[in-house]
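# Structural overview
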Amino acid sequence: LTFSANADPFHDESGKGYKFIGDMLEKLDKVNSKVAARTTASCLIGWKKYNETRASLMKAQLERLKSMPHVSNELFEIVSKGLK
């Protein structure tokens, strides 16, 4: 998910970049949960380093991924750790 490396659109204050990554991770988790978990760690886990607006949008995607029905154990573990 190279999109997250393009900082301007990924960190747009609208949250569209975070939602896009969340949507992609939701789909990827069904196909390859290990890659989804690793990608989550690199894209969204650092939410505490950002301003309040961006941090809350990133955290919302983590919470969304955690509460997905049939979320893989790998993704659930990474997301849960990231929310602490």
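The structure contained in this document is the topic of the report that follows. (Residues numbered from 1 in each chain as written. Predicted model: local features only at pLDDT ≥ 70, side-chain atom pairs only at ≥ 80, totals over all residues. Heavy atoms only, no water.)

Inspection of the entire model under this criterion finds six salt bridges. Arg64 is the salt-bridge partner of Glu26, the closest N and O atoms lying 3.4 Å from each other. In this pair, Glu26 is assigned in helix H2 (residues 16-31) and Arg64 in helix H4 (residues 52-66), connecting sequence segments 38 residues apart. Using a relative accessible area of 28% as the deciding quantity, one classes Glu26 as partly exposed. (Salt bridge = Lys/Arg side-chain N within 4 Å of Asp/Glu carboxyl O. Helix = DSSP H or I, 4+ residues; strand = E, 2+ residues; numbered from the N terminus. Buried < 20%, exposed > 50% of the residue type's maximum accessible area, 1.4 Å probe, protein only.)

Attention now moves to the environment of Leu44. Relative to the elements of secondary structure, Leu44 occurs in the loop between helix H3 (33-43) and H4. By relative accessible area, Leu44 is classed as buried at 0%. In this structure, the C-alpha to C-alpha distance between Leu44 and Gln61, residues 17 residues apart in sequence, is 8.0 Å. Beyond its immediate chain neighbours, meaning those up to four positions away, Leu44 contacts Phe10, Tyr18, Ile21, Leu25, Met58, Gln61, Leu62 and Leu65. (Contact = heavy atoms within 4.5 Å.)

Moving on, we come to the packing of H3 against helix H5 (residues 73-82). The geometry of H3 relative to H5 is characterised by a closest axis approach of 8 Å and an angle of 15 degrees between their N-to-C directions. By the criterion of interaxial angle, the relationship of H3 to H5 is roughly parallel. Considering how the two elements wind past one another, H3 and H5 form a crossing that is right-handed. Residues Ser33, Lys34, Ala36, Ala37, Thr40 and Ala41 of H3 form the contact with H5, whose participating residues are Glu74, Leu75, Ile78 and Val79. (Axes fitted to C-alpha atoms, helices over the stretch in contact; angles between N-to-C directions. Parallel < 35°, antiparallel > 145°, perpendicular 65-115°, else oblique. Left-handed = near helix turned anticlockwise from the far one by under 90°.)

Everything listed here is a matter of geometry and, on its own, says nothing about what the molecule does.
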